[in-house]
Each structure stands twice: as C-alpha cells, then as structure tokens.
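Results of the structural survey
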Amino acid sequence: MTTLVIGAHGHVGQHIVEQLAAQGETVYAGIRSDTQASELKALGGEPRLVDLMGSIDDLVAAMAGIDTVVFSAGSGGRTGDDMTLNIDLDGAVKSMIATEKAGIKRFIIVSAMGTDDRSFWRKSGIRPYYVAKFYADEWLKHRTNLAYTIVRPGILTNDAPTGKITTQTADSETKSVSRADVAAVVAAIVAHPQPKQTIEFVNGDTAIDTIIQ
C-alpha cells in the first residue's frame, strides 16, 4: 500500500507518517518546502513536494504511484481566514479533484467534530475553520466518486496515545483525543479500507483496532 499524506509536516500529519511507516506502509510525506524534508525522513516518510496553492495538474503529478491520499493539511491558527479558505477548503477540494484525475480511488480527510453543527460554529470562536471543513466534507461526499473516509476527532491534545477511542461522542464525558490516537485511527483505516463513511470520535475505552477492522 502506498499512501500520500498531504500536510505531513503538521502535528497530526507527522504522527500519521510515523505510524504508517511503522506498520510497513510506503508513505510519501507531502510537504510544502524542502526545509521540512529531513524531519519527515526521520519519521520514515519519503518527502514529496505538494503545493496546495498550485494547480490541480501539479497535484496530479505529485500523486504518481499512490494508492491512497490522506489529507491532513491546515492553514494553522496563526494565519488569516483567507488562508483557511485557500488550504482547508480549496486545497482540500483541489486534492480531491486531483485524486480522481490521477485515477486514485481512496481518500481520507482529517476534519473535526462539530463540523455538521452550525450552532457550534458560532460558539467555537473559529467559525471560518468549521465553514471550510464543512464544505470540504460536503464536496467529498456529494461531488466525488471517491471511496472516502471522513475522520472527525474531538479537541486535539498532545497527550500520550491510549490506543482507545469511542464513537459515542454525545454520551462521552471526554471531548478530546490525542493527536497520536487520531493518527492511529487514520493508519488503521489505510490498513483496513472502509466503505464511504464519517467517523467521529474522542478518547474512550474501546481499542482502535476493534472499531476499525
């Protein structure tokens, strides 16, 4: 299995690269700058330049030889709303279009819990982020023929991984999940292809490999 992780230098992206490499996958680490290459090589990834501000054809070229695309890119909290639109929305959509154009069938996107709830957008303090995530997810579900999985984790933490989650988020007292456990969910989905679906989760009591199999 050969996987391209777009946004590999991000906090979650680095965990995804490391975990995919650890389970024996060939993983290409999509980075925006050569300065990030050595860090991703150390995690077991093969760096490949991916410019989300470039053209769809450039993205198609970056996807050569790939079986699965994982989109874990984000503009980050230190950029403006314009970059949220350019990366989290348009970058995601262009990646989906390029994936289909490249003849790749599988696409996994890291989204966020609460994306479907407009009332939550207002309370979040980062409404443009959730708008971007919502419409990117909608495009994936309704405007592509990709075999997709939408991964919607709760509040991200840097806690140590537990290897356990719950998808019963409404009933859970915990609303957060470690970035390493998010990556473990993605790695499990790569290893065990899922039907078209959305997975919303937080840390819990059930082993990830029990839920994703």
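The following paragraphs examine the structure supplied in this document.

How each quantity is defined
Residues numbered from 1 in each chain as written. Predicted model: local features only at pLDDT ≥ 70, side-chain atom pairs only at ≥ 80, totals over all residues. Heavy atoms only, no water. Helix = DSSP H or I, 4+ residues; strand = E, 2+ residues; numbered from the N terminus. Rg over C-alpha atoms; globule rule 2.2 N^0.38 Å. Buried < 20%, exposed > 50% of the residue type's maximum accessible area, 1.4 Å probe, protein only. Contact = heavy atoms within 4.5 Å. Areas by Shrake-Rupley, 256 points an atom, 1.4 Å probe, with all protein chains shown as cover. Lys, Arg positive; Asp, Glu negative; His and termini not counted. Charge placed at Lys NZ, Arg CZ, Asp CG, Glu CD. Pairing = 2+ DSSP bridges. Right-handed = clockwise from strand over helix to strand, strands pointing away. Salt bridge = Lys/Arg side-chain N within 4 Å of Asp/Glu carboxyl O. Phe/Tyr/Trp six-rings, centres within 6.5 Å; stacked < 30°, edge-to-face > 60°. Lys NZ or Arg CZ within 6 Å of the ring centre and 35° of its normal. Expected span 1.5 Å × (residues − 1). Axes fitted to C-alpha atoms, helices over the stretch in contact; angles between N-to-C directions. Parallel < 35°, antiparallel > 145°, perpendicular 65-115°, else oblique.

A word on the overall build of the protein. In terms of helices and strands, the protein carries eight helices and eleven strands. Here the protein has a C-alpha radius of gyration of 16 Å; the compact-globule value for 213 residues is 17 Å, and the two agree. Projected onto the principal axes, the alpha-carbon positions of the protein cover approximately 45 × 35 × 35 Å. Out of the 213 residues belonging to the protein, those deemed buried represent 50%. Taking contacts inside the protein between residues at least 6 apart in sequence as the whole, the part at least 24 apart equals 65%. For the protein, the computed accessible surface area is about 10,000 Å², with 48% contributed by carbon and sulfur atoms. Distance from the positive charge centre (20 side chains) to the negative charge centre (25 side chains) of the protein: 5 Å.

Every regular strand shows the same layout, with side chains that alternate between the two sheet faces. Burial analysis of strand β6 (residues 147–153) places six of its seven residues in the buried class, the great majority of the element. Taken together, the five bridges between strand β5 (residues 106–110) and β6 define a ladder with parallel strand orientation. Each bridged residue has a counterpart across the sheet, and for R106 the counterpart in β6 is A147. Examined bridge by bridge, β6 and strand β10 (residues 197–203) share five bridges and lie parallel to one another. Bridge pairing in β10 links T149 to Q197.

In terms of burial, strand β2 (residues 26–31) is a largely internal element, five of the six residues being buried. Of the strand pairs in this sheet, strand β1 (residues 2–6) and β2 are connected by five bridges, and their pairing is parallel. Across the sheet, residue I6 finds its bridge partner in β2, namely G30. Considered for its hand, the β-α-β crossover made up of β2, helix α2 (residues 37–42) and strand β3 (residues 46–49) is right-handed.

Taken as a whole, this structure holds six salt bridges when the rule is applied. The salt bridge partner of K141 is E138, with a shortest N-O separation of 3.1 Å. Taken together, the residues K141 and E138, both in helix α6 (residues 127–142) and three residues apart, mark about one turn of the helix. Among the residues examined, E138 registers a relative accessible area of 22% and is labelled partly exposed. Shared partners join several salt bridges into a network, and the residues in it are D116, D137 and R152.

Right, let's talk about the packing of aromatic side chains for a bit. Counted under the stated rule, the structure contains four aromatic pairs. Centre to centre, the rings of F134 and Y135 are 4.8 Å apart; their planes meet at 85°, and the pair counts as edge-to-face. An aromatic cluster is built from F120, Y129 and Y130, whose rings are joined through pairwise contacts. We note R118 situated over the ring of F134; from NZ or CZ to the ring centre the distance is 5.0 Å. One Lys or Arg, R143, reaches over the ring of W139 and ends 4.2 Å from the middle of that ring.

Here α6 spans 22 Å end to end across 16 residues, near enough to the 22 Å set by a 1.5 Å rise per residue. Those residues of α6 not exposed but buried are Y130, V131, A132, K133, F134, A136, D137 and L140. For α6, the secondary structure elements touched by its buried residues are α4 (81–101), β5, α5 (118–124) and β6.

Relative orientation of the contacting elements α4 and α6 amounts to 10°, with a least axis distance of 9 Å. With respect to α6, the element α4 is oriented roughly parallel. Here α4 contributes D81, T84, D88, L89, A92, V93, M96 and I97 to the contact with α6, which in turn contributes P128, Y129, A132, K133, Y135, A136, W139 and L140.

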